[in-house]
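# Close look at the chain arrangement
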Amino acid sequence: MGSHYEAPIRKPLVTGNKSYHQITVDVARPIEGSANKQWWIVFGISLTLFMWGIGCIIYTVSTGIGTWGLNKTVGWAWDITNFVWWVGIGHAGTLISAVLLLFRQKWRMGINRSAEAMTIFSVIQAGLFPVIHMGRPWLAYWIVPIPNTFGSLWVNFNSPLLWDVFAISTYLTVSLVFWWTGLLPDFAMIRDRAVKPFQKKIYSLVSFGWSGRAKDWQRFEEVSLVLAGLATPLVLSVHTIVSFDFATSVIPGWHTTIFPPYFVAGAIFSGFAMVQTLLIVMRKVCNLEDYITLQHIELMNIVIMITGSIVGCAYITELFIAWYSGVEYEQYAFLNRATGPYWWAYWAMMTCNVFSPQFMWFKKLRTSITFSFVISIVVNIGMWFERFVIIVTSLHRDYLPSSWTMFSPTFVDIGIFLGTIGFFFVLFLLYSRTFPVIAQAEVKTILKSSGDNYKKMRDNHVK
Amino acid sequence: MSNKHVHAIYDDDDKLLSAVKHLRSSGVSIKDVFTPFPVHGLDHALDLKPTRIAIAAFIYGCIGLTTAILMINYIMIVDWPQNIGGKPSFSFMENLPAFVPVIFELTVFFAGHLMVITFYMRSSLWPFKKAENPIPETTDDKFLIQITSFKDQKKLMSIIKQTDYHNIDIIEHQPVVAEPNKLVNESSQVSVGFVFHSRKYSDGSSNLRIQFTKGRGSQYAKNTGIRIFRKYWSSSKNVVSTKHPEHEKINKQLENIKSKIITGKEKFKSGVISFDRLHNYILDN
């Protein structure tokens, strides 16, 4: 038992007296069982939203970007807001699986699989927006470096929009292989339990013939570690580069050097909030309370609290620097944000992102599941407003007062956004019924050190 | 004796680790070890060489870095320099800060993907690859030591029996992957197992059924008449757990069905009953 020692002060991460086999059974249960009524209801709603979104996309592409609420002053609005929002949400997954792996945080193992799934699904949503905004999405391949015999010049490597293309596609594909490599042993577990021939065939296919040899595991662990080492700067670079879309411009309100760290903190903040929203529901529906424990929820709340406070610091720093810079335009941009016609969006952002996470200082509140769920939704609303505030309030007051406008979304703007929410939940709901939602092979490695039964056994032994 | 394989099966990672050490110190040559999760210290116990995949990843990263630099230099400086905001477009070094993001991303892209591809190739993992774990339980909670070359089987057995083993299998020729959750794993073509009906009653319970499978193609299922909550069912033992208020009665019923399954399969083998009639024999009382 000696090699499995863990300090008694650490709370158990697997509860309910689990054995290795019990973990297998618990993780396989949602896949082997059938969906209940609630699943079908939520799936139906998501699918409807998704279909509505597809309709709006078809309308946009066939009629033109004029169907959106954009005008000549506010040329970027919901599309880029939604893009940044979804990319931000997509930051928690790789952060949990990569950064927390490097820091040897065992609590990541209960949640990393779903967080990574969420990452991939939300980056897919994010990628849709720039492609639709191109107006002619069938020419989307022009963003890759192809020679100018196609009728255009080379792509411009000085442009942050091109950096985005490389950052997002690298992030999506590397996250995908990271996720899938981790899934192989778990798919193999489902494969080896499957009784129905069709199920067996599918899981044989996706598990790539994983057999669990000692040498395979050695390589597997090394690959995970190196991928984590690569993904950690990657995850920080992606939102840094997204923030460059704004920071490298000369628009007052965008042209700030604080953007990269501020955006990355905001991304982690909103990503964790989304993980919290999804997992609080999933642990209940899939009976996984023994693996995603209150301890996990509390730790995620602490991350939300800290990153929320970093974001709050950034908001205040922005205001200070605007005043301190002595630049009139900069000062006006921030004064206008807080007190201009979009004051409600600014204060919605402030309330949701800066004030609401401060409740998490109280242990009673951060260990309350209902409260955590509410805050996680509030944070996601707040983070959407943050992007909206940065983008629209900086644009709508142009240098010429004759160009001053407001932005109001059309039903198409709203429809596409709701459509991506629907698409995201369609993917996540299908995932939760067909994928092992807990990294069971990894959880088994910490069972003896962090399982409640083993911890109790050791405590009794010591006494 | 060379075509015989011995599988020493353990139900705990610590037992496996001490068994590996014991076997190796007794001079047994271990072909392979199959485990459901990475067992800490197993690679040292087996004297596996450290993997060089991280070095490969570093090299791939360097390739990515070089590719990115060459590509951007060709596109932006050599082939078609453009005046973009008055930036220095004729010198790579002076324009380098703007190229850093893409160079970084391509380095990560190459290192990550090529390393994973290398891993899949070295460990032979790809779609349609057949799994090679000798028993399916090694992805669940069993740990298996595979021994393929030995001289004295008796001596080997006595060495294994000194360890805290769960089971020992002696297999002639290549190991065959066994089907889980089936009552009988003999060479007969028919397998019979318990499954639940996919539909649930409004109270959450479902019908326990028996599934008959012949070869790969034909399959059907019949209700046993037992209706229980799934949480009471133990699929590894095919019994109802003792938490069920009527577990004694139901398990007795199941006992009866199981013995009939065994005799029914014998009868099928000898040609007394057909596959389609198998359920009549097993379920009719």
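Refer to the preceding data block for the structure.
So, a few notes on the structure that sits alongside this text. Every value quoted in this text rests on a predicted model; they were computed, and no experiment measured them.

Here we take up the overall build of chain B. A tally of regular secondary structure across chain B gives 7 helices and 9 strands. Relative to a compact globule of 285 residues, whose C-alpha radius of gyration would be 19 Å, chain B shows 29 Å and is clearly more extended. For chain B, the spread of C-alpha atoms along the principal axes amounts to about 90 × 60 × 40 Å. Among the 285 residues that make up chain B, the fraction classed as buried is 48%. Carbon and sulfur atoms make up 55% of the accessible area of chain B, which amounts to about 15500 Å² in all. Each charge class in chain B was averaged separately, 36 positive and 27 negative side chains, and the resulting centres sit 6 Å apart.

To continue, consider the sheet that holds strand E4 (residues 167-172) of chain B. Residues and elements named next belong to chain B. Read across the sheet, 4 strands follow the order E2-E3-E1-E4 without closing on themselves; strand pairing throughout is antiparallel. With partners counted over all chains shown, the strands left at the sheet margins are strand E2 (32-34) and E4, one partner each. For this sheet, the mean angle separating the axes of adjacent strands, direction not counted, is 20 degrees. With 3 bridges joining them, E2 and strand E3 (residues 143-147) adopt antiparallel strand pairing. Residue pairing for E3: Phe 34 is matched across the bridge by Leu 144. Along the sheet, helix H5 (residues 153-161) contacts strand E1 (4-10), E3 and E4; its crossing angle with E1, the most-contacted strand, is approximately 10 degrees.

Looking now at unusual backbone geometry. Despite not being glycine, Asn 17 of chain A has its phi angle at roughly 50 degrees, a positive value. The phi dihedral of Asp 47 of chain B falls on the positive side, at around 60 degrees, and the residue is not glycine. By the secondary structure assignment, Asp 47 of chain B is in the loop between helix H2 (42-45) and helix H3 (53-79). Residue Asp 47 of chain B is classed as exposed on the basis of its relative accessible area of 58%.

With that settled, the discussion passes to the interface of chain A and chain B. Taken together, the contact between chain A and chain B spans 64 residues of the former and 75 residues of the latter. Taken together, the two surfaces of chain A and chain B that pack against each other cover about 6300 Å², and 63% of this comes from carbon and sulfur. Where chain A packs against chain B, one counts 5 salt bridges. Linking Arg 213 of chain A and Glu 132 of chain B is a salt bridge whose minimum nitrogen-to-oxygen distance equals 2.9 Å. Inspection of the region where chain A meets chain B yields 25 residue pairs in polar contact (both at pLDDT 80 or more). The set of elements that each furnish at least two residues to the side of chain A that touches chain B consists of helix H1 (20-32), helix H6 (160-193), helix H7 (197-206), helix H8 (214-247) and helix H16 (440-450) of chain A.

This next bit is on the pattern of salt bridges. Summed over the entire model, instances satisfying the criterion amount to 25 salt bridges over all chains. In this structure, Asp 290 of chain A engages Lys 18 of chain A in a salt bridge whose closest nitrogen and oxygen atoms are separated by 2.9 Å. Of the two residues, Asp 290 of chain A is situated in the loop between helix H9 (259-285) and helix H10 (294-325) and Lys 18 of chain A in the segment before H1; the sequence distance between them amounts to 272 residues. According to the relative accessible area criterion, Asp 290 of chain A is partly exposed, its value standing at 24%. The buried category is assigned to Lys 18 of chain A, whose relative accessible area is 8%. Among the ionic pairs, Arg 213 of chain A bridges to Asp 32 of chain B, the shortest N-O distance being 2.7 Å. Taken together, the positions of Arg 213 of chain A in the loop between H7 and H8 and Asp 32 of chain B in strand E2 put the pair across two chains.

All names here are of chain B. The terminal C-alpha atoms of H3, which comprises 27 residues, lie 37 Å apart, in line with the 39 Å expected from a rise of 1.5 Å per residue. The largest bend in H3 is about 30 degrees, located at Asn 73. For H3, every residue scored as buried is listed here: Ile 53, Ala 56, Ala 57, Tyr 60, Gly 61, Gly 64, Ala 68, Ile 72, Ile 75, Met 76 and Ile 77.

To continue, consider the packing of aromatic side chains. Overall, the coordinates contain 62 aromatic pairs over all chains when judged by the stated rule. Ring geometry for Trp 344 of chain A versus Phe 385 of chain A: centroids 6.3 Å apart, planes at 90 degrees, classification edge-to-face. Placement of Trp 344 of chain A in helix H12 (residues 343-355) and of Phe 385 of chain A in helix H14 (residues 369-396) is noted, with a sequence separation of 41 residues between them. Taking relative accessible area as the criterion, Phe 385 of chain A reaches 17% and is therefore assigned buried. Aromatic pair Phe 424 of chain A and Phe 428 of chain A: ring centres 6.4 Å apart, planes at 20 degrees, arrangement stacked. Here Phe 428 of chain A and Phe 424 of chain A lie together in helix H15 (residues 411-434), a separation of 4 residues that amounts to about one turn. Per residue, the accessibility class of Phe 424 of chain A equals that of Phe 428 of chain A, and both read buried. The ring of Trp 39 of chain A has Arg 433 of chain A sitting right over it, with the charged end atom 5.9 Å from the ring centre. Lys 129 of chain B extends its terminal NZ or CZ atom over the ring of Trp 126 of chain B, reaching a point 5.8 Å from the ring centre.

Basis of the calculations
Residues numbered from 1 in each chain as written. Chains lettered and ligands numbered in written order. Predicted model: local features only at pLDDT ≥ 70, side-chain atom pairs only at ≥ 80, totals over all residues. Heavy atoms only, no water. Helix = DSSP H or I, 4+ residues; strand = E, 2+ residues; numbered from the N terminus. Rg over C-alpha atoms; globule rule 2.2 N^0.38 Å. Buried < 20%, exposed > 50% of the residue type's maximum accessible area, 1.4 Å probe, protein only. Areas by Shrake-Rupley, 256 points an atom, 1.4 Å probe, with all protein chains shown as cover. Lys, Arg positive; Asp, Glu negative; His and termini not counted. Charge placed at Lys NZ, Arg CZ, Asp CG, Glu CD. Pairing = 2+ DSSP bridges. Axes fitted to C-alpha atoms, helices over the stretch in contact; angles between N-to-C directions. Contact = heavy atoms within 4.5 Å. Buried area = accessible area lost by both parts, 1.4 Å probe. Salt bridge = Lys/Arg side-chain N within 4 Å of Asp/Glu carboxyl O. Polar contact = N/O pair within 3.5 Å; in protein donor to acceptor, adjacent residues only side chain to side chain. Expected span 1.5 Å × (residues − 1). Bend = angle between axes of the 7 residues up to and from the residue. Phe/Tyr/Trp six-rings, centres within 6.5 Å; stacked < 30°, edge-to-face > 60°. Lys NZ or Arg CZ within 6 Å of the ring centre and 35° of its normal.

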